Amino acid sequence: MTKTTTYLENLNSVQERAVRHGDGPLLVLAGAGSGKTRVLTRRIAYLIEEKNISPRRILAVTFTNKAAGEMKKRITEMLSRDVALPWVGTFHSMCARLLRIEADWGWWTRDFTIYDMTDQVDLVKNCMGRLGISTTTFTPKSFLGEISRAKDILLTAEDYASRAGNHYEQTAARVYAEYEKGLRENNAFDFDDLIKEVVQLLRREPELGRSYAERFLHVLVDEYQDTSHAQYALVNLLSSVHRNICVVGDDDQSIYGWRGADITNILDFEKDHPDAVTLRLEQNYRSTAGILAAAHDVVSNNERRKEKELWTEREEGAPVRFTRVSNEYQEADEIRDLVLTLVSKRGLQPRDFAILYRTHAQSRVIEDSLRRAGIAYDIVGGVRFYERSEVKDVLAYLKVIVNPADAVSLRRIVNVPPRKIGDKTIERLEEFALDRGIPLYEALGMGGEVVGVGPAARTALGELRGMFDRLRRKVETTPVNILLDEVLDGSGYVAWLDGRRTEDTAQRLANVEELVSASSEFVEMSGEESLGAFLEQVSLVADIDRWEGEANTVSLMTLHNAKGLEFPIVLIPGMEDGLLPHESSFEDDEEMEEERRLCYVGMTRAMNQLHMFSADTRRRGGTTNLRSPSRFIHEIDESHLETVSTAVEQKRASRPGGGYGMRGRGRAGRGAGARGGAGSRGGAGSRGGAGARGGAGRSSGGSRGVFPDYENQSQEAVEFGPGTRVRHPSWGEGVIVGIAGHGGDMVVTVRFDEAGGVEKRIMLRYGKLTPVT
DNA sequence: TACATTGCGATCCGT
DNA sequence: TCGCAATGTA
């Protein structure tokens with residue numbers, strides 16, 4: 001029984017009690033860095049090994065897919081025999097799975113599509129059009145917010161309508177009803193629906209609900225402080241028979257109120273479950289005593305919290321360092337200098353640093369500064385890869401193949417590339433489909449019967465329909481990556497993209513190629529070849545899921561994305577009133593408390609050093625605003641804080657501009673060239689992965705670039721240009737023949753001799769190219 | 001139907 | 001400052 005010691009090993013007494021807790025509700029209040037993930041995984045292993053509970057009767061819900069993956073990995077390592085794994089996933093992935101399994105019970109089929117924000121906006125716009133509601137007086141986004149909030153608290157369109165008071169709400173109610181109708185017609189769910197629909201299904205079909213509740217002997221929920229009301233209802237439903245519900249969380253780290261999370265869930269757990277056992281994990285294993293005390297100074301100003309005080313056996317450590325600078329450029333330079341100094345003098349690695357900010361917009365200036373210094377960095381989030389317009393276009397083709405009812409996706413690509421099917425044609429076709437009560441997809445082949453559709457359009461429609469029918473016949477038998485190639489070929493999408501001579505063509509092609517490799521990677525990694533599975537994965541990945549965290553790079557991300565992570569050195573720029581706390585929270589005490597918790601989350605990510613920065617002026621949009629240091633800084637006791645103020649007039653040397661650096665060049669290029677196409681978003685990239693490599697070369701036209709030297713983490717950059725030999729993990733060795741773009745968005749064309757001389761365009765930021773020395 | 005120009009609006013966090 | 005949507009024109 002060596003395994004018994006494995007999962008009880010190195011646990012403190014409270015952790016052990018949590019792991020060995022028997023039956024009944026359990027609330028684990030787990031402070032930052034108190035080992036809650038460890039408790040959860042050990043407990044699951046304990047239940048399986050010691051209590052002989054079948055893994056399939058355990059359900060564990062995590063906040064991100066990444067966390068789910070890690071949990072599965074750790075559980076596997078702990079189990080002695082080769083047993084199945086419990087059901088571990090996010091609320092959204094779990095619900096999507098359940099809805100596919102139980103598709104026979106509802107109006108949807110197992111091939112349903114999941115709509116992201118862009119799709120939702122498209123659909124709402126369409127609904128508003130149908131209802132004759134102008135999109136200028138009320139924006140589609142505001143209605144979506146309203147609908148989303150309603151769904152989070154399980155209000156159907158009818159429920160919502162019955163409560164609608166003013167004109168705005170009454171209009172929203174009409175849109176909501178139409179939107180729901182649209183989702184059904186399209187065989188689609190939005191994110192909120194995934195949860196709401198499962199709750200409704202399990203309530204509507206009591207025997208089905210009962211069978212799930214019977215099945216799950218144990219339900220465990222991580223990050224319980226960030227669950228919505230709908231998720232709360234779901235958890236209660238699934239644990240209603242055996243009542244073995246174990247929730248883990250920290251009310252001080254509830255930061256998703258704006259997304260429907262209800263902190264009451266965790267605050268009232270003991271009220272909901274009077275027989276609940278509550279355990280407090282208060283020993284912190286992460287941060288120095290000084291950092292912990294400073295973080296506590298801040299969060300203890302909140303009214304609405306369960307009092308707790310973390311403690312640590314660690315040393316006091318360095319005080320929190322607060323640096324006040326004059327503007328964001330100086331801030332970026334301070335950050336750069338700090339990294340450079342600590343790397344060269346203290347032997348720290350780039351991977352030891354995290355830069356955590358309130359808003360994505362802050363990353364640009366910092367990126368520029370790091371890139372120019374040759375510091376390798378990796379940015380999480382921003383403009384998301386799967387939301388780039390060319391990627392969405394290609395995905396829309398795939399979605400239609402799987403789910404032809406998906407009119408939102410169909411509409412998106414019906415004339416992309418242009419095939420002489422104009423707005424008027426589509427409008428008539430939609431009307432026709434609506435009249436006949438048939439899906440838009442069906443109508444594609446019936447152009448001849450639609451009045452006002454000319455012969456050219458009719459032929460084009462027929463051909464499109466023919467292509468989809470052909471691809472649909474192959475969908476069951478063809479792996480997704482092969483199918484994707486056929487789509488790109490058959491639709492003429494790549495040819496069209498390639499033929500356009502706009503400035504960002506190369507980048508767009510590179511993104512499409514990246515999608516192709518993502519699909520191959522998916523097939524390789526998961527062993528799953530179905531298109532539906534790929535699309536589901538793509539729909540539900542979060543930015544942070546794509547972050548590998550293994551490359552030796554400085555990590556840049558929002559404070560929200562940093563939840564659950566830790567770094568030896570944490571830097572928080574933008575500690576200013578208006579930014580953190582964000583100005584939108586000034587009027588509302590609850591929101592202000594959430595900002596404070598967000599600050600607390602950021603601070604408690606730090607293991608050894610915490611550096612905070614504020615700028616006296618910051619440019620936002622076109623105007624420069626005066627800023628003062630965050631009120632949260634003032635809440636930190638002086639004994640834990642060391643304030644540094646850099647002289648206002650020094651160090652302005654590296655402001656971008658003058659054609660050096662990506663901002664300057666980008667502007668010049670855009671002005672001279674053609675207009676960026678619809679949905680084009682240059683600039684900061686999205687993807688996790690090995691991260692942004694390469695910087696703008698100094699010569700004009702971007703004919704040269706630099707690879708930061710990762711291995712030696714020195715600032716020595718490896719320069720490259722046409723003729724440089726490089727290596728790619730899948731294409732082998734090759735030679736650079738062309739360079740386009742600039743900065744992190746630089747795209748190089750490489751001729752791969754090992755792959756028979758094929759030329760590929762590869763984006764540097766994806767980090768797959770390494771110089772051959 | 002496709003493309004260019006102009007003007008407006010937004011910029012907080014994200015499954 | 002920028003991107004995008006609504007307009008106007010070939």
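Residues numbered from 1 in each chain as written. Chains lettered and ligands numbered in written order. Predicted model: local features only at pLDDT ≥ 70, side-chain atom pairs only at ≥ 80, totals over all residues. Heavy atoms only, no water.

Student: I'm lost on the packing of aromatic side chains in this one. Help?
Tutor: How two aromatic rings sit relative to each other is set out by the distance from centre to centre and by the angle between their planes. According to the stated counting rule, one finds 17 aromatic pairs in the structure shown. Ring centres of Y397 and Y493 lie 6.5 Å apart, and the angle between their planes is 70°; this geometry places the pair in the edge-to-face category. In this pair, Y397 is assigned in helix α18 (residues 389–402) and Y493 in helix α24 (residues 493–499), connecting sequence segments 96 residues apart. Among the aromatic residues, ring-to-ring pairing joins Y397, Y441, F468, Y493 and W496 into one connected group. K563 extends its terminal NZ or CZ atom over the ring of F63, reaching a point 3.7 Å from the ring centre. (Phe/Tyr/Trp six-rings, centres within 6.5 Å; stacked < 30°, edge-to-face > 60°. Helix = DSSP H or I, 4+ residues; strand = E, 2+ residues; numbered from the N terminus. Lys NZ or Arg CZ within 6 Å of the ring centre and 35° of its normal.)

Student: Whenever I open this one, the protein's contact with DNA strand B confuses me. Can you help?
Tutor: Near DNA strand B there are 27 residues, and of these R358, H360, G422, T425 and A542 occur at the shortest range. Counting only atoms of DNA strand B within 4 Å of the protein, the fraction found in sugar and phosphate groups is 58%. Residue N561 places a side-chain N or O atom 3.1 Å away from a phosphate oxygen belonging to DNA strand B. Within the side chain of S584, an N or O atom sits 3.1 Å from a base nitrogen of DNA strand B. Counted by class, the surface near DNA strand B contains seven nonpolar, 12 polar and eight charged residues. (Near = heavy atom within 4 Å. Polar contact = N/O pair within 3.5 Å; in protein donor to acceptor, adjacent residues only side chain to side chain. Nonpolar A, V, L, I, M, F, W, Y, C, P; charged D, E, K, R; others polar.)

Student: Help me understand the packing of helix α5 (residues 91–101) against helix α10 (residues 191–204) in this model?
Tutor: Packed helix pairs are characterised by how far apart their axes lie and by the angle those axes make with each other. Axis separation between α5 and α10 bottoms out at 9 Å; the angle between their running directions is 55°. Comparing their axes, α10 and α5 come out oblique. Our pair here, α5 against α10, has a crossing hand that is left-handed. For the pair α5 and α10, the contacting residues are F91, H92, C95, A96, L98 and L99 in the first and F191, L194, I195, E197, V198 and L201 in the second. Looking at the contact of α5 with α10, its residues break down into 10 nonpolar, one polar and one charged. (Axes fitted to C-alpha atoms, helices over the stretch in contact; angles between N-to-C directions. Parallel < 35°, antiparallel > 145°, perpendicular 65-115°, else oblique. Left-handed = near helix turned anticlockwise from the far one by under 90°. Contact = heavy atoms within 4.5 Å.)

Student: Quick question: what am I supposed to make of the sheet that holds strand β10 (residues 353–357) here?
Tutor: In a beta sheet, neighbouring strands pair by backbone hydrogen bonds and run either parallel or antiparallel. Taken in spatial order, the seven strands make up an open sheet running β11-β12-β10-β13-β14-β9-β17, and their pairing is parallel. Taken across any chain shown, the strands that pair with only one partner, and hence form the sheet edges, are β11 (377–379) and β17 (641–645). Going across the sheet, the axis of each strand differs from the next one's by a mean of 20°, ignoring polarity. Along the sheet face, helix α17 (residues 363–372) touches β10, β11 and β12 (554–558) and points at about 160° away from the line of β11. Lying on the sheet, helix α27 (residues 589–603) is in contact with β10, β13 (567–572) and β14 (606–615); it crosses β14 at an angle near 130°. (Pairing = 2+ DSSP bridges.)

Student: What's the story with the pairing of strand β6 (residues 218–221) in this structure? I'm lost.
Tutor: Within a regular strand, side chains alternate between the sheet's two faces. Burial along β6 is two-sided: H218 and L220 facing one way and V219 and V221 facing the other are all buried. One ladder, built from four bridges, connects strand β2 (residues 58–62) with β6; its direction is parallel. Across the sheet, the residue bridging to I58 is H218, located in β6. In this sheet, strand β7 (residues 245–249) lies alongside β6 in parallel orientation, the contact comprising three bridges. Along β7, the bridge assignment pairs V219 with I245. Regarding topology, helix α12 (residues 229–238) serves as the crossover connection from β6 to the parallel β7, and that connection is right-handed. (Buried < 20%, exposed > 50% of the residue type's maximum accessible area, 1.4 Å probe, protein only. Right-handed = clockwise from strand over helix to strand, strands pointing away.)

Shape descriptors only; they carry no functional weight alone.
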